[in-house]
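Listed below are the residues making up each chain.
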Amino acid sequence: MKMKAIQINDYGDEDVLKYVAVERPEPEDDELLVKIIAAAVNPVDIKIRNGKGKKFGMNLPLIVGADFAGTVENIGGGIKKFKAGDAVYGKILIGCYSEYVIVKEIELGRKPKNVDFISAASLPMATLTAWQAIFDNAHLENGQKILVHGASGSVGSMAVQLAKAKGAYVIGSASGSNEDFVNNLGADAFIDYKSKDFETIVKDMDVVFDPIGGDTHKRSYQVLKENGILVSLVQEPFEELMQHYKVQAKIMASQPNPEQLEAITQMVEAGQIKTEIGQVFPLSEAKKAQIQSQDRNVRGKIILEP
Ligand SMILES: NC(=O)c1ccc[n+]([C@@H]2O[C@H](COP(=O)([O-])OP(=O)(O)OC[C@H]3O[C@@H](n4cnc5c(N)ncnc54)[C@H](OP(=O)(O)O)[C@@H]3O)[C@@H](O)[C@H]2O)c1
């Protein structure tokens, strides 16, 4: 049986994204076949397409797409937790710009009941990444202070909400046009990074969350208190800055985690986390969707519907 998917045969710009029919895979014993109802567009898709896939050791051709929401179509003999028809969502790394995807149980969570599949698809990558950055790596505690760069972005907006739910004092940094949005997520204070240098305003942070890197990353060490921690999604730490400011810094790569995904599902169902959708495209228009995502003309997650 065939399925439609967005495949790349070469690394390069958006023109390498091809809408094709490929063989629909069958699940092995420890796998599930999920019918995708919505898949999110993430920056990592564009990085993989541009050539990072090669650095990650991926083989071509490959189907792009890191997270999804859908229903279980078929299960391997060793699957216990899910059955055909279950509504699920999850984070992998590639394979989701497609009508169907093969996943392991560990990559899957129960879809929150109170949101549709489009909203559900926007959650796994962004929320798991924010969770692992601020809780697993930074060990953020109730009452601590955190600066969240990129607070209007997919991962940053989740970091703001998770940190607030933990009882932290949250300062969000984004463009001035997104101030109301970030404040509505629960941020206690806002910095427009385009008109103000955050390091002249912020000090004594327990944690800085950095999805930006570069100069923003380098200027972040000085706003931490002694032994505070800077967790970056994109930038290797600078040993000399860690020593100079007597702080810690880490780079992290997010991982699937079914227990955390269930905790996220429960927070969404309890109304503690909300998500914003920017635009929805049919799967066949993945090229337009990635251009829209790169240009950032709209706030919120870009979603593909097979
Ligand atoms: N390591 C991992 O496991 C992992 C996982 C997920 C994502 N990532 C990476 O993390 C990055 C962010 O991902 P995302 O999905 O959140 O992207 P996104 O939705 O495009 O968000 C990026 C945000 O950064 C803000 N921004 C840009 N320059 C800034 C600056 N100098 N100071 C403060 N904010 C700034 C933008 O805000 P305005 O629009 O308000 O200007 C935008 O909202 C990407 O590079 C992605 O590849 C890594």
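Residues numbered from 1 in each chain as written. Predicted model: local features only at pLDDT ≥ 70, side-chain atom pairs only at ≥ 80, totals over all residues. Heavy atoms only, no water.

On to the side chain of T216, then. Following the sequence through the fold, T216 ends up in helix α6 (residues 214–218). For T216, a relative accessible area of 18% corresponds to the buried category. (Helix = DSSP H or I, 4+ residues; strand = E, 2+ residues; numbered from the N terminus. Buried < 20%, exposed > 50% of the residue type's maximum accessible area, 1.4 Å probe, protein only.)

So, on to the sheet that holds strand β4 (residues 62–63). Within the open sheet, the 3 strands sit side by side as β2-β1-β4. Their pairing is antiparallel. The open sheet terminates on both sides in strands that have one partner only, identified here as β2 (17–23) and β4. Judged from the 7 bridges that link them, strand β1 (residues 2–8) and β2 form a sheet pairing that is antiparallel. Paired with I6 across the bridge in β2 is Y19. (Pairing = 2+ DSSP bridges.)

The next subject is the domain arrangement of the chain. One frequent convention defines the size of an interface as the accessible area lost when the parts assemble. You can read the domains of the chain as domain 1 (2–123 + 275–305) and domain 2 (126–251). When each unit is reduced to the centre of its C-alpha atoms, the spacing between domain 1 and domain 2 is 28 Å. In this complex, domain 1 contributes 9 residues to the contact, which on the side of domain 2 involves 10 residues. Across the interface of domain 1 and domain 2, roughly 740 Å² is buried in total on both sides, 50% from carbon and sulfur atoms. For the interface between domain 1 and domain 2, the tally reads 0 salt bridges. Class assignment for the residues of the side of domain 1 that touches domain 2 results in 1 nonpolar, 2 polar and 6 charged. (Domains from an automatic or database assignment. Contact = heavy atoms within 4.5 Å. Buried area = accessible area lost by both parts, 1.4 Å probe. Salt bridge = Lys/Arg side-chain N within 4 Å of Asp/Glu carboxyl O. Nonpolar A, V, L, I, M, F, W, Y, C, P; charged D, E, K, R; others polar.)

Counting across every chain of the model gives 15 salt bridges. The salt bridge partner of K83 is D86, with a shortest N-O separation of 3.0 Å.

Our focus in this paragraph is helix α9 (residues 286–295). If you check which residues of α9 are buried, you get A286, A289, Q290, Q292 and S293. The buried residues of α9 occupy an angular sector of 160° when projected down its axis, which confines them to one face. Buried residues belonging to α9 abut β1, β2, β3 (31–41), α1 (43–55), β15 (277–282) and β16 (301–305). Taken from the residues just after α9, R296 is the one with a positive phi, measuring 55°. (Arc of directions from axis to C-beta.)

As a structural note, the neighbourhood of the ligand is formed by 23 residues, with K47, S152, S175, Y193 and S254 the closest of them. Residue S152 places a side-chain N or O atom 2.7 Å away from an oxygen atom belonging to the ligand. Calculation on the ligand without its partners gives an accessible area of 930 Å², and the protein chains cover 82% of this total. Put simply, the parts of the chain that give the shell around the ligand at least two residues each are α1, α3 (124–137), α4 (154–166) and β10 (169–174). (Near = heavy atom within 4 Å. Polar contact = N/O pair within 3.5 Å; in protein donor to acceptor, adjacent residues only side chain to side chain. Areas by Shrake-Rupley, 256 points an atom, 1.4 Å probe, with all protein chains shown as cover.)

Here we come to the nonpolar core. With 47 residues, the main nonpolar core has I134, I146 and F209 as its most contacted residues. Of the residues forming this core, the biggest block, 7 residues, is contributed by α3. The residues touching I134, leaving out its near neighbours within four places in the chain, are H139, L140, I146, A159, L162, A163 and F209. (Core = buried A, V, L, I, M, F, W, Y, C linked by side-chain atoms within 4.5 Å.)

Across the sheet, which stays open at both edges, the 6 strands sit in the order β11-β10-β9-β12-β13-β14 with parallel pairing between neighbours. In this open sheet, the two edge strands, each paired with only one partner strand, are β11 (189–192) and β14 (248–251). Neighbour-to-neighbour, the strand axes of the sheet open up by a mean angle of 15°, direction not taken into account. Two strands pair when backbone bridges link them, and strand β12 (residues 205–210) and strand β13 (residues 224–232) are joined in this way by 5 bridges, in the parallel orientation. If you follow D210 over to β13, its bridge partner there is S232. Here α4 sits on the sheet and contacts β9 (145–149), β10 and β12; the angle it forms with β9, its principal contact strand, is near 165°. (Axes fitted to C-alpha atoms, helices over the stretch in contact; angles between N-to-C directions.)

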